[in-house]
Amino acid sequence: MWKCPKCGRAFKNTNQDHYCGKAPATIEEYIERQQEQAQPYLRQINKTIKEALPDGMEKISWSMPTYWKNHNLIQFAAFKKHIGLYPGPEAVEAFADRLREYKTSKGAVQFPYDKPLPLELIAEIAKWCGKEYGAADL
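None of these values were measured; they are calculated from a predicted model. (Residues numbered from 1 in each chain as written. Predicted model: local features only at pLDDT ≥ 70, side-chain atom pairs only at ≥ 80, totals over all residues. Heavy atoms only, no water.)

J.: Break down the pairing of strand 8 (residues 108-112) for me, citing the residues and quoting the values.
T.: Sheet topology note: the strand 6 (residues 82-86)/strand 8 ladder contains four bridges and is antiparallel. Looking at strand 8, one finds that Gly84 is bridged to Gln110. Across three bridges, strand 7 (residues 103-105) lies against strand 8 in antiparallel orientation. Bridge pairing in strand 8 places Ser105 opposite Ala108. Hairpin connection from strand 7 to strand 8: two residues lie between these consecutive antiparallel strands, with Gly107 at a positive phi of about 85°. (Pairing = 2+ DSSP bridges. Helix = DSSP H or I, 4+ residues; strand = E, 2+ residues; numbered from the N terminus.)

In C-alpha cells form, the structure reads like this:
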C-alpha cells in the first residue's frame, strides 16, 4: 500500500492520482486544479460537450467533470499522459470503428496530450450519450 505524503490516504498503487482534501465543486474549479499542460485540453473538451449537451447539468461526480440528465451522461478527467473520456461501455462499442487509434477500455477512451483532440468525434459521442442515457425512464 502506498500512502500519500500530503493527505495520508492509502492506495493500492504507488503515486495514485487523487485529490487531497475536498473535491472541486465545479468543472471550472476542477480544470484550474489540473496541471497546466492539461488545462487547454480540458477546456476544449468541456466546451465541446457543453455545446453538444446544452440541457445537460454540469456537476462533479466521482471527483470528475460530469454532464448529467436523469443519469450520468459523460465524464472526463485529466491524467499524467492523457485525458480520459468516460461515455460508458455502450458508447465505446457504438463508436469502436472511429476510436481505433486511441486506447480504449470498457467505457473509457484515452486521448493522449501529444495528439490533437478529435473534437467533432467527442461532440458526436456526447450527443449519442445524451440521446441514449438521458431518457427519464433509466
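J.: Give me the nonpolar core: which residues, what numbers.
T.: By size, the foremost hydrophobic cluster in this structure holds 36 residues, and its most contacted members are Leu42, Ile49, Ile74, Phe76, Ile83, Leu85 and Ile125. Sorting the residues of this core by element identifies helix 1 (27-33), helix 2 (39-52), strand 4 (64-68), strand 5 (72-78), strand 6, helix 3 (89-94), strand 8 and helix 4 (119-133) as the ones contributing at least two each. Per-element tally for this core: the top contributor is helix 4, with seven residues. Ignoring anything within four residues of it in the chain, the contact list for Ile83 reads Ala38, Tyr41, Leu42, Ile45, Ala77, Ala78, Val109, Gln110, Phe111 and Tyr113. (Core = buried A, V, L, I, M, F, W, Y, C linked by side-chain atoms within 4.5 Å. Buried < 20%, exposed > 50% of the residue type's maximum accessible area, 1.4 Å probe, protein only. Contact = heavy atoms within 4.5 Å.)

J.: Kindly report on the sheet that holds strand 8, identifying the contributing residues and their values.
T.: The sheet built from six strands is open, its strands ordered 3-4-5-6-8-7 with antiparallel pairing. Two strands bound the open sheet, and with one partner strand each, they are strand 3 (57-61) and strand 7. Between one strand and the next, the sheet's axes are offset by a mean angle of 20°, whatever the strand orientation. Where helix 2 meets the sheet, its contacts fall on strand 3, strand 4, strand 5 and strand 6, and the angle it forms with strand 5 comes to roughly 170°. Across the sheet, helix 4 touches strand 5, strand 6 and strand 8, and the angle it forms with strand 5 is around 145°. (Axes fitted to C-alpha atoms, helices over the stretch in contact; angles between N-to-C directions.)

J.: An account of helix 2 is needed here, citing residue identities and associated values.
T.: Because the α-helix completes a turn every 3.6 residues, residues three or four places apart line up on one side. With 14 residues, helix 2 extends 20 Å between its outermost C-alpha atoms, agreeing within 8% with the 20 Å of an ideal straight helix rising 1.5 Å per residue. Those residues of helix 2 that fall on the buried side of the exposure criterion are Gln39, Tyr41, Leu42, Ile45, Asn46, Thr48, Ile49 and Ala52. (Expected span 1.5 Å × (residues − 1).)

J.: Now, about the packing of aromatic side chains: what can you tell me, with residues and values included?
T.: Applying the stated rule across the entire model yields five aromatic pairs. On the basis of an interplanar angle of 65° and a centroid distance of 5.1 Å, the ring pair of Tyr41 and Tyr113 is categorised as edge-to-face. Residue Tyr41 is found in helix 2, and its partner Tyr113 is found in the loop between strand 8 and helix 4; the two are separated by 72 residues along the sequence. Classification of Tyr41 as buried rests on a relative accessible area of 18%. Under the relative-accessibility criterion, Tyr113 is labelled buried at 7%. (Phe/Tyr/Trp six-rings, centres within 6.5 Å; stacked < 30°, edge-to-face > 60°.)

J.: Tell me what's going on with helix 4, and back it up with residues and numbers.
T.: Taking 1.5 Å per residue as the helical rise, helix 4 with its 15 residues ought to reach 21 Å, and the 20 Å between its terminal C-alpha atoms agrees with that figure. Of the positions making up helix 4, those classed as buried are Leu121, Ile122, Ala123, Ile125, Ala126, Cys129 and Tyr133. On its buried side, helix 4 packs onto helix 2, strand 5, strand 6, helix 3 and strand 8.

J.: Any details on the environment of Thr66? Residues and values, ideally.
T.: As for its placement among the helices and strands, Thr66 is situated in strand 4. Thr66 sits in the buried class, given a relative accessible area of 0%. Along the sequence, Thr66 and Asp55 sit 11 residues apart, while their C-alpha atoms lie 13 Å from each other. Ignoring anything within four residues of it in the chain, the contact list for Thr66 reads Ile27, Met57, Glu58, Lys59, Ile60, Ser61, Asn72, Ile74 and Gln75.

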